[in-house]
Amino acid sequence: MATVELRFSAQPEHVRTARLVAAAVARRAGVDEAVLDEVRLAVGEACSRAVGLHRSHGITTPVRVVLTEEEKAFSIEVGDGVLGPGGGAGAPEAREEASSGDLQESDAEDEDEMGLAVISGLVDDVEVTSGDDGGVIRMSWPTTTAVALP
């Protein structure tokens, strides 16, 4: 099982690098060429989301991306540093009516929900968790070695 780990400061300009690395590692792992655009888009969305969460919560720790080549699958985990329930990768908690001072926070939560919806539309196997170490979006794709030949 080969693993590549990438950590980068929460700056939007680093998202492109993460997308390029993810596509290169996915190709090497045997992910079908037709799926590589989905890998790039999903990783870009997950990393952009993590960067936004770090910046909006004032978190200075790096965004973490772990790319793992397994026997029959290729997986990517994008971790943010937002701790506990209601933050991080987990779905936002139910919120009360927003006052005018809460509009910016409400917009950020709407963006967060939209990012998760886009990722869910691009990736069949996606898992979103949040815990004491922050949030994680785990995505996986089958490799061509996992596809049964007729």
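One structure accompanies this document, and this report is about it.

Criteria and thresholds
Residues numbered from 1 in each chain as written. Predicted model: local features only at pLDDT ≥ 70, side-chain atom pairs only at ≥ 80, totals over all residues. Heavy atoms only, no water. Helix = DSSP H or I, 4+ residues; strand = E, 2+ residues; numbered from the N terminus. Buried < 20%, exposed > 50% of the residue type's maximum accessible area, 1.4 Å probe, protein only. Salt bridge = Lys/Arg side-chain N within 4 Å of Asp/Glu carboxyl O. Pairing = 2+ DSSP bridges. Axes fitted to C-alpha atoms, helices over the stretch in contact; angles between N-to-C directions. Patch = residues over 30% accessible without salt bridge, like charges linked within 9 Å, V, L, I, M, F, W, Y side chains within 5 Å. Areas by Shrake-Rupley, 256 points an atom, 1.4 Å probe, with all protein chains shown as cover. Lys, Arg positive; Asp, Glu negative; His and termini not counted. Charge placed at Lys NZ, Arg CZ, Asp CG, Glu CD. Core = buried A, V, L, I, M, F, W, Y, C linked by side-chain atoms within 4.5 Å.

What about the environment of V21?
Turning to step 1, where the next piece is worked out: Considering the arrangement of structural elements, one finds V21 in helix 1 (residues 15-29).
Turning to step 2, where the next piece is worked out: On the accessibility criterion, V21 (25% relative accessible area) is partly exposed.
Turning to step 3, where the next piece is worked out: Taking the C-alpha atoms as reference points, V21 and V43, separated by 22 residues in sequence, lie 9.8 Å from one another.

Comments concerning the pattern of salt bridges
Turning to step 1, where the next piece is worked out: For the coordinates displayed, the defined rule picks out seven salt bridges.
Turning to step 2, where the next piece is worked out: Salt-bridge contacts for E33 lead to R27; the nearest nitrogen and oxygen are separated by 3.0 Å.
Turning to step 3, where the next piece is worked out: Exposure remark for R27: the relative accessible area of 42% places this residue in the partly exposed category.

Describing the sheet that holds strand 2 (residues 63-69)
Turning to step 1, where the next piece is worked out: With antiparallel pairing, the five strands of this open sheet are ordered in space as 1-2-3-5-4. Each of the sheet's edge strands pairs with one partner strand only, and the pair in question is strand 1 (2-8) and strand 4 (125-131). Averaged over all pairs of adjacent strands, the angle between strand axes in this sheet comes to 15°, irrespective of strand direction.
Turning to step 2, where the next piece is worked out: Bridge analysis of strand 4 against strand 5 (residues 134-142) gives seven bridges, and the strand direction is antiparallel.

Looking at a negative patch on the surface
Turning to step 1, where the next piece is worked out: A cluster of like negative charges, contributed by E38, D124, D125 and E127, occupies part of the molecular surface.
Turning to step 2, where the next piece is worked out: If you trace the backbone, D125 turns up in strand 4.
Turning to step 3, where the next piece is worked out: When its relative accessible area of 42% is taken as the criterion, D125 is described as partly exposed.

Some details on the nonpolar core
Turning to step 1, where the next piece is worked out: Within the largest apolar cluster, 30 residues are counted, with the highest numbers of intra-cluster contacts made by F74, I76, V78, M139 and W141.
Turning to step 2, where the next piece is worked out: Only strand 1, helix 1, helix 2 (36-57), strand 2, strand 3 (73-79), helix 3 (103-122) and strand 5 provide two or more residues apiece to this core.
Turning to step 3, where the next piece is worked out: Of all the elements, helix 2 adds the most residues to this core, at eight residues.

Quick word on the pairing of strand 3
Turning to step 1, where the next piece is worked out: The element strand 3 is largely enclosed, with a buried count of six among its seven residues.
Turning to step 2, where the next piece is worked out: As paired strands, strand 2 and strand 3 are joined by six bridges and run antiparallel to one another. Residue pairing in the sheet places E69 in a bridge with F74 of strand 3.
Turning to step 3, where the next piece is worked out: Linking strand 2 to strand 3, which pair antiparallel, is a turn of three residues.
Turning to step 4, where the next piece is worked out: Relative to strand 5, strand 3 runs antiparallel, the two sharing seven bridges.

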